[in-house]
Amino acid sequence: MILEKSALPGLGFFGYGTRIMNGVLIPDVSTSPALAEVTWWPTDGWSRRLALLEQTIGGLRDEVAELRQENAELRRENAELKQEAGYWKAMHARAVEREAKLAEELETARGEIRKLQDRLFGRKSERDSRRDRSNQLQDPQEQDAGTPPRRRGQQPGRRGPGRRDYSHLPAVEEFVELSEDQQCCPTCGRPRRPRADTEDSEQIEIEVRAHRRVIRRRRNEATCDCPAQPHTLTAPAPPKLIRKSRFGISVWVHLLLEKFYLHRPLERTVAALELHGLPLSPGTLTGGLQRIEPMCESVYQALVARQVASDFSQADETRWMVFVEREGKQGYRWWLWVFLSGEAVVFRLDPSRSHEIPEGHFPKDATLVLMVDRYSAYKAMVQVKQGGIVLVFCWAHVRRDFVEVGKGWPELLEWALAWLRRIRELYRRNRRRLEAEPDSAEFREADQALRQSVLAMQEQRDQELSDPQLREPCRKALQSLQEHWEGLVRFVDDPRIPMDNNRSERQVRGPGLGRKNYYGSGAEWSGRLAVKLFSIFATLDLWKLNPRLWLTWFLQACAAAGGRAPPDISGFLPWNLTEEQRVALSDPVIPLAGSGDSLPGAARTRPPPDQPGQAAM
């Protein structure tokens, strides 16, 4: 059987047909170009035929060799193409995988960008205060479409708070007389007789007035001739806070409160005083503040000793600029640390944000519970590693993780809201437990409900983490929750521990405002003064004491001691004050008498000033 050339294109390419013999495909040499000449062979001349046949066989052998060589080349080329095809298939698979990974990374980056944009710009939406600014997500389950959003301020149909009571302020009486025309009857002209009663009303006024305190010291002359006695005696001068300074204690109290309590730039305070007729030199003020800084050292150290002695503390840190050059430090960013307990607040300033600062703040053998955020420096403290300090973590920071997932990835909003509802339920149940009396049935019921919520949250976390299809932002938030779980749930066994670290964060809001207003400190002594006064004022607020009264009292004692801190400052510490002293220091219109170390025994009302609304500075 002979096949046509077109039946096997591979052999037809070389000019051969094919035949099958005994099941084997062989070329048909009769179709070879070498046999084309045999068609005209004569009938005789076998020798010539044999020569031609040998010649033809030789040509066929050469063609077979060429075919084998071509076949080997084709096989090699085919193997190379198969190898290249496998390589490009593998490269395509890798490219597809890489493209999917890049798409996921792109989506993650877009989510991170949305998170950072919300952090940067979310707090600047002031037109609508109900809109989420930083740490909220709108939950559709809590929104009633038929009810308009609640407005701020006084709600319709509710009783107002009423007027404030200002009866503690000193009163300055002012009589208003009738005009001359009204003092007589317009008909008959007879005068109207004044009555003993008056129709009274009140207005609250305030006037700040700088004045010169002229001190005239009496001089007495002797009328006797006693030996070794001076002929003339002059009354001693009142003590000065700063020697040879023209400014009294009230000026320095005002400046310290303006900058370190109200966090206003000193430049604005100077401009405001100039409007009241008191121009001040910035250089004079700087020198005076530098002299006041060491006077606060002993009080500051007493606050530190009281704070570290507590069995429960909270801590936080924020950046603070100190514009001095230090060897080995680049830039001017320092760190302001705050540590607070139930009785004292302490700020510390350091160029570093390392674990050495909180580690050095507490004694090496300290045993306490410390509430912090998840910053790794607290975990690296030696006292924590040794077990003396037990860390508890803040649920507000955990909550922010889920808020950021909802804001950064809108498709994960429902997932984030579900976790926010679980956290909100923890807060509600813990609040109910704290409102109940300890060891009461209500307390035990609320405690059991709280523990059930904690257990359910733990099971939900583990179930979602076991899902391989869980999105990376969700997995990251849940892994952080799992890593800090032990410190997050310590409040369950100890109700004294709060659920969040918001108290310490509120303490750094004031210095944060000062950082924006006057950028930080221009010298190291200025930074030391800042942390001392931040600590003193925050502790006074903790004890609900008026900082103006306390600071006036303390600086009067410093002036009496010759411009330095009094030898014994224990009487000025809030926890050592008597009840009478606390009352006197909490009322802004009850003055401190004298410059001694104790408050007056009986409170007396401040006499009214000479002019209406006048308040001496």
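All figures in this text were calculated on a predicted structure; none of them were measured in a lab.

1. Re the overall build of the protein
In terms of helices and strands, the protein carries 20 helices and twelve strands. Relative to its 617 residues, the protein shows a buried fraction of 35%. A separation threshold of at least 6 residues defines the contact pool for the protein, and within that pool the share at least 24 residues apart is 60%.

2. Let's talk about helix 6 (residues 297–308)
Here helix 6 contains twelve residues, and its C-alpha end-to-end distance of 17 Å stays within 8% of the 16 Å for a straight helix at 1.5 Å per residue. Listed as buried for helix 6 are Val299, Tyr300, Ala302, Leu303, Val304, Gln307 and Val308. Here the buried face of helix 6 lies against strand 7 (312–321), strand 8 (333–340), strand 9 (345–350), helix 7 (356–361), helix 18 (524–542) and helix 19 (547–560).

3. Concerning the sheet that holds strand 10 (residues 368–372)
Within a sheet, each strand pairs with its neighbour through backbone hydrogen bonds, oriented either parallel or antiparallel. Spatially, five strands are ordered 9-8-7-10-11 in an open sheet, and the strand pairing comes out mixed. Where the open sheet ends on each side, the last strands, each with one partner, are strand 9 and strand 11 (389–393). Within the sheet, the average angular offset between the axes of one strand and its neighbour, ignoring direction, is 30°. The strands touched by helix 6 within the sheet are strand 7, strand 8 and strand 9, with strand 9 carrying the most contacts at an inclination of about 110°.

4. Let's talk about the pairing of strand 9
Here six bridges tie strand 8 to strand 9, and the two strands are oriented antiparallel to one another. Bridging from a neighbouring strand, Leu336 pairs with Leu349 of strand 9. Between strand 8 and strand 9, which pair antiparallel one after the other, the connecting turn spans four residues.

5. Details of the packing of helix 3 (residues 249–260) against helix 19
Two elements in contact, helix 3 and helix 19, have axes whose closest approach is 10 Å; the angle formed by their N-to-C orientations is 135°. When the axis of helix 3 is compared with that of helix 19, the two are oblique. Between helix 3 and helix 19 lies a crossing of right-handed hand. Of the residues in helix 19, those touching helix 3 at Ile249, Val253, His254, Leu256 and Leu257 are Pro547, Arg548, Leu551, Thr552, Leu555, Gln556 and Ala559. Here the residues of the contact of helix 3 with helix 19 are counted per class, giving eight nonpolar, three polar and one charged.

6. Thoughts on a nonpolar patch on the surface
On the surface, Leu50, Leu53 and Ile57 cluster together into a nonpolar patch covering about 240 Å² of accessible area. Within the fold, Leu50 resides in helix 2 (residues 46–121). Residue classification places Leu50 among the partly exposed positions, given a relative accessible area of 48%.

7. Details of unusual backbone geometry
In this structure, His263 is a non-glycine residue whose phi angle is positive, near 60°. Position of His263 among the secondary structure elements: in the loop between helix 3 and helix 4 (266–275). Residue class for His263 comes out buried when judged on its relative accessible area of 8%. The backbone of Lys544 shows a phi angle near 60°, a positive value even though the residue is not glycine. Tracing the chain through its elements places Lys544 in the loop between helix 18 and helix 19. Take Lys544: its relative accessible area is 68%, and that puts it in the exposed class.

8. Focus: the packing of helix 6 against helix 18
Remark: helix 6 packs on helix 18, axes separated minimally by 10 Å, with the N-to-C direction vectors making an angle of 60°. Taken together, the axes of helix 6 and helix 18 lie oblique to each other. The interaxial crossing formed by helix 6 with helix 18 has left-handed handedness. The residues of helix 18 that touch helix 6, namely those facing Glu297, Val299, Tyr300 and Leu303, are Val531, Lys532, Ser535, Ile536 and Thr539.

Calculation notes
- Residues numbered from 1 in each chain as written.
- Predicted model: local features only at pLDDT ≥ 70, side-chain atom pairs only at ≥ 80, totals over all residues.
- Heavy atoms only, no water.
- Helix = DSSP H or I, 4+ residues; strand = E, 2+ residues; numbered from the N terminus.
- Buried < 20%, exposed > 50% of the residue type's maximum accessible area, 1.4 Å probe, protein only.
- Contact = heavy atoms within 4.5 Å.
- Expected span 1.5 Å × (residues − 1).
- Pairing = 2+ DSSP bridges.
- Axes fitted to C-alpha atoms, helices over the stretch in contact; angles between N-to-C directions.
- Parallel < 35°, antiparallel > 145°, perpendicular 65-115°, else oblique.
- Left-handed = near helix turned anticlockwise from the far one by under 90°.
- Nonpolar A, V, L, I, M, F, W, Y, C, P; charged D, E, K, R; others polar.
- Patch = residues over 30% accessible without salt bridge, like charges linked within 9 Å, V, L, I, M, F, W, Y side chains within 5 Å.
- Areas by Shrake-Rupley, 256 points an atom, 1.4 Å probe, with all protein chains shown as cover.
- Salt bridge = Lys/Arg side-chain N within 4 Å of Asp/Glu carboxyl O.

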